[in-house]
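Per-entry structural report
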Amino acid sequence: MAKDKSVFSPIGAWKYLTKKPVTIPKTLVFDTPREASDNYRGFHINDWDKCVGCGTCAEICPTNAINMIEIPTLEQSKGNKPERPAIDYGRCSFCALCVDICTSDSLSMSKEYIHLSKDADTFYFLPEIDGIHEIEYKDGYVRDEVSELLDLERYKMDEIKHDGRAESFMEIIKGYSKEMAIAEASRCVECGICTFTCPAHMNIPEYIKSVWTENMEEGIDYLYKTNPLSNVCGRVCTHTCESACVIGNRGKPVAIRWLKRYIIDNTPKEDFERVVLSNVSEKINGKVGIIGGGPAGLSCAYYLRTLGYEVDIYEEKPLLGGAVRYGVPEYRLPEESVKEDVEMIRKMGVNFIVNTKVGRDISFDEIKNTHDAVFSGTGNWIPKKLRVKNVDHPDIRFAAKFLQESRDYSRNLGEMPEFEDDLIVIGGGDVSFDVARSLLRLQTIKNGKTNIKFIARKPSQFLACDPEEFEEGTEEGLKFHLDRSPVEILIDDNNKIYGVKVARCTSVMTESGKAKTTCTDETEEIYAKEVFMSVGSDPDFEYFTDEIIDNLEISRNKIKVKEDGQVEGYPWLFAGGDITRGPDIITAVADGHKAAMGIDEYLYNKAKNKN
């Protein structure tokens, strides 16, 4: 129990009146300052190698003490903005919220706390790893679990479990509920670094915010500013934006692709149409012909129509959509999703001319002569072949044709394609998994059992496919033979395929990082009755006139074009998609958009010069 003090006890302090004052010299304070306590909030340190310039620290600062400064010596790159935070210590309250929310763990506070100067500018400081005075100090304040401000875990979307999944082509991913979507949207820090990485530079933070504010019409408006195939891309986009998401530096990146899908799936159809069709302009004096109704052609047509141009799309197949309509399986991209995107473009007034192959049903010159400009986005449809023995055997099946047959079957427009009950698929990329997993479903539907062997040169961690494809393919029963390079298609005495001879791979790249497969002399035979090959595809340029073909600059099967898609030497001709860049849907959408802007500028200048 504490002892009660006497009312005279303060008088004891009078004894110091006669003692000599103690003065600590200024030099001692500043030259050898006392070490600050643990977790002290001293001057900032920023590790520029970790910092990604997201600006989240500046956004949260309650005193506006942090400004993001563009650094000329840094370059914008995937997941990294060339900016770094500068701190105004005339305003800083040392609250450390900037450290708590730092997405890359680059920003911290040291135990250094003394800075004297008559120059006020020195209190505005661009911290680096060596602190304000380039003196090494111990770490001060450190974020802990309690002060963590970021939600690092992704809200997982429901999906059909693998048991029984291969019994149909039903879509696997179910979609976010409203509560899950809002929770996932709340993880975004709105830094916009993802926007730079997206090939179409979509307004990602803006449309994610529309999920958070539950304003779906605003979300649709943002999506269509840069992507008229948002329904498709909300399901099968390569989502490179997520690989740049700054939340991924310390946790799971925001599910950007699924939030895009949520906006599409949860906007009433009448609201959707009203927002999109309100972008259509009155027709002006200009007509553009588009060859190929895939993602690049549809995108180009959409943006040209918003500018008022009359647009004709010439498509060889009965349905528009290109690779997304005739390549991606139904379990990843339902027919209704493609149909809605395509139908919206038709409703804008774009003229679809289907079952018409340019070069066969109509000449390239006729299109040129009846339009003011031409855009070509015909894609890659000619299958590549491996350089192996017996690769020209007529029974070898290739991805493009099979996927088209499979897709027509799943949308009730064709018979089930024929196949054996013991198969090999050669590949490694997303398309080869589309082939293998479609065959799994067809075998299950027809036979109730599966037997598919998957051969690839690379180990699983280096496969060119999305990691989800390997994971789900494994769950569904694919039998993998990885690190194996095909050297021969095995043919018996009756000219029937009975398997593939492979060599064991020891390396798939050189020390400098270039792709090069190295194999041992050791080989093995993998047996099956049928072989499907999915190792890429090439374009078909036969529809161009001989004069144009002779003058096109083509490198590695890609036409060289200007930044806006204009073909050198032919100002009226534009191109985009797989025949110029590739290799994915969102890049084709971006190409179509750029080309539409380029065509508009070309036709505007042409009319201006004419007048």
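What you see is a predicted model, and the numbers here were worked out from it, not measured in a lab.

1. Brief notes about the side chain of Lys81
For Lys81, the location among the structural elements is in the loop between strand E2 (66–70) and strand E3 (83–88). If sequence neighbours within four positions are ignored, Lys81 has contacts with Val52, Gly53, Gln76, Cys191 and Ile193.

2. Comments concerning the pairing of strand E7 (residues 310–314)
Put simply, side chains in a regular strand alternate between the two faces of the sheet. A large share of E7 lies buried, amounting to 4 of its 5 residues. One ladder, built from 5 bridges, connects strand E6 (residues 287–291) with E7; its direction is parallel. Among the inter-strand pairings, Ile290 is bridged to a residue of E7, identified as Ile313. Taken together, E6, helix H12 (residues 295–306) and E7 form a β-α-β motif whose crossover is right-handed. For E7 and strand E8 (residues 351–353), the ladder comprises 3 bridges, and the chain directions are parallel. Bridge pairing in E8 places Asp312 opposite Asn351.

3. Points about the pattern of salt bridges
The final tally for this structure, using the stated rule, is 50 salt bridges. One salt bridge in this structure joins Glu148 and Arg143, with 3.5 Å as the shortest N-O distance. Here Glu214 and Lys178 are joined by a salt bridge, their closest N and O atoms 3.0 Å apart. Of this pair, Glu214 sits in the loop between helix H6 (204–212) and helix H7 (216–226) while Lys178 is found in helix H4 (residues 178–185), placing the two residues 36 residues apart along the sequence. According to the relative accessible area criterion, Glu214 is partly exposed, its value standing at 46%.

4. Focus: unusual backbone geometry
At Asn64, a residue that is not glycine, the phi angle is positive and equals roughly 55 degrees. For Asn64, the location among the structural elements is in the loop between helix H2 (56–60) and E2. Classification of Asn64 by relative accessible area gives exposed; the value is 53%. A positive phi angle is found at Asn390, which is not glycine, with a value near 70 degrees. Residue position: Asn390 is located in the loop between strand E10 (380–383) and strand E11 (397–398). With a relative accessible area of 29%, Asn390 lands in the partly exposed category.

5. Remarks on the sheet that holds E11
With respect to topology, 5 strands assemble into an open sheet ordered E11-E18-E12-E13-E14, the strand pairing being parallel. Edge positions in the sheet fall to E11 and strand E14 (479–481), since each of these pairs with one other strand and no more. Pairing of strand E12 (residues 423–426) with strand E13 (residues 452–455), which is carried by 4 bridges, proceeds in the parallel orientation. Following the sheet pairing, Ile426 is matched in E13 by Ile455.

6. Focus: the sheet that holds strand E15 (residues 484–491)
Read across the sheet, 3 strands follow the order E15-E16-E17 without closing on themselves; strand pairing throughout is antiparallel. Edge positions in the open sheet fall to E15 and strand E17 (515–527), since each of these has one partner strand only. In this sheet, adjacent strand axes meet at a mean angle of 25 degrees when their direction is disregarded. Pairing analysis gives 7 bridges linking E15 to strand E16 (residues 497–509), with the strands arranged antiparallel. When the sheet's bridge partners are listed, Leu490 is paired in E16 with Gly499.

7. A look at a negative patch on the surface
A cluster of acidic residues, Asp365, Asp546, Glu547 and Asp550, forms a negative patch at the surface. With respect to the helices and strands, the residue Asp365 is situated in helix H15 (residues 364–370).

8. Comments concerning the pairing of E15
With 6 of 8 residues buried, E15 is to be regarded as a mostly interior element. Taking the residues that link successive antiparallel strands as the turn, the E15-E16 hairpin has 5 residues, and the phi of Asn495 there is positive, at about 65 degrees.

9. Focus on a nonpolar patch on the surface
There is a patch of nonpolar side chains on the surface, built from Val7, Phe8, Ile11, Trp14 and Leu17 and spanning about 640 Å² of accessible area. Here Trp14 lies in the segment before helix H1 (26–31).

10. Looking at helix H10 (residues 256–265)
Owing to its 3.6 residues per turn, the α-helix brings residues three or four apart onto one side. In terms of burial, H10 is a largely internal element, 9 of the 10 residues being buried. Those residues of H10 lying buried are Ile256, Arg257, Trp258, Leu259, Lys260, Arg261, Tyr262, Ile263 and Ile264.

11. Looking at the environment of Pro199
Positionally, Pro199 belongs in the loop between helix H5 (193–197) and H6. Along the primary structure Pro199 and Thr587 are separated by 388 residues, whereas in three dimensions their C-alpha atoms are 5.3 Å apart. With near-sequence residues (within four places) excluded, Pro199 lies in contact with Thr240, Ile586, Thr587 and Ala590.

12. Digging into the layout of surface pockets
Empty space within the second largest pocket amounts to approximately 390 Å³. Around the second largest pocket sit 20 residues that line it, and Ile45, Ser106, Ser108, Ile129 and Asp139 are the ones nearest its centre. Across the lining of the second largest pocket, the residue classes break down as 8 nonpolar, 4 polar and 8 charged.

13. Section: the packing of aromatic side chains
This model, assessed by the stated rule, comprises 22 aromatic pairs. Where Phe364 meets Phe544, the ring centres are 5.3 Å apart and the plane angle is 65 degrees; that geometry is what we call edge-to-face. Taken together, the residues span a long stretch of sequence, with Phe364 in helix H15 and Phe544 in the loop between strand E19 (537–539) and helix H19 (546–551) at a distance of 180 residues. Classification of Phe364 by relative accessible area gives buried; the value is 3%. Phe544 gets classed as buried once you look at its relative accessible area, which sits at 5%. Both rings, one in Phe541 and one in Phe544, keep their centres 6.1 Å apart while their planes meet at 40 degrees; by these two values the pair is tilted. Just as Phe541 is buried, Phe544 falls in that class too.

Conventions adopted
Residues numbered from 1 in each chain as written. Predicted model: local features only at pLDDT ≥ 70, side-chain atom pairs only at ≥ 80, totals over all residues. Heavy atoms only, no water. Helix = DSSP H or I, 4+ residues; strand = E, 2+ residues; numbered from the N terminus. Contact = heavy atoms within 4.5 Å. Buried < 20%, exposed > 50% of the residue type's maximum accessible area, 1.4 Å probe, protein only. Pairing = 2+ DSSP bridges. Right-handed = clockwise from strand over helix to strand, strands pointing away. Salt bridge = Lys/Arg side-chain N within 4 Å of Asp/Glu carboxyl O. Axes fitted to C-alpha atoms, helices over the stretch in contact; angles between N-to-C directions. Patch = residues over 30% accessible without salt bridge, like charges linked within 9 Å, V, L, I, M, F, W, Y side chains within 5 Å. Areas by Shrake-Rupley, 256 points an atom, 1.4 Å probe, with all protein chains shown as cover. Lys, Arg positive; Asp, Glu negative; His and termini not counted. Charge placed at Lys NZ, Arg CZ, Asp CG, Glu CD. 1 Å grid on protein atoms, 1.4 Å probe; cavity = no way out; pocket = protein on both sides within 12 Å on 5 of 7 lines; lining within 4 Å. Points joined across faces, edges and corners; volume = space filled by probe spheres on them. Nonpolar A, V, L, I, M, F, W, Y, C, P; charged D, E, K, R; others polar. Phe/Tyr/Trp six-rings, centres within 6.5 Å; stacked < 30°, edge-to-face > 60°.

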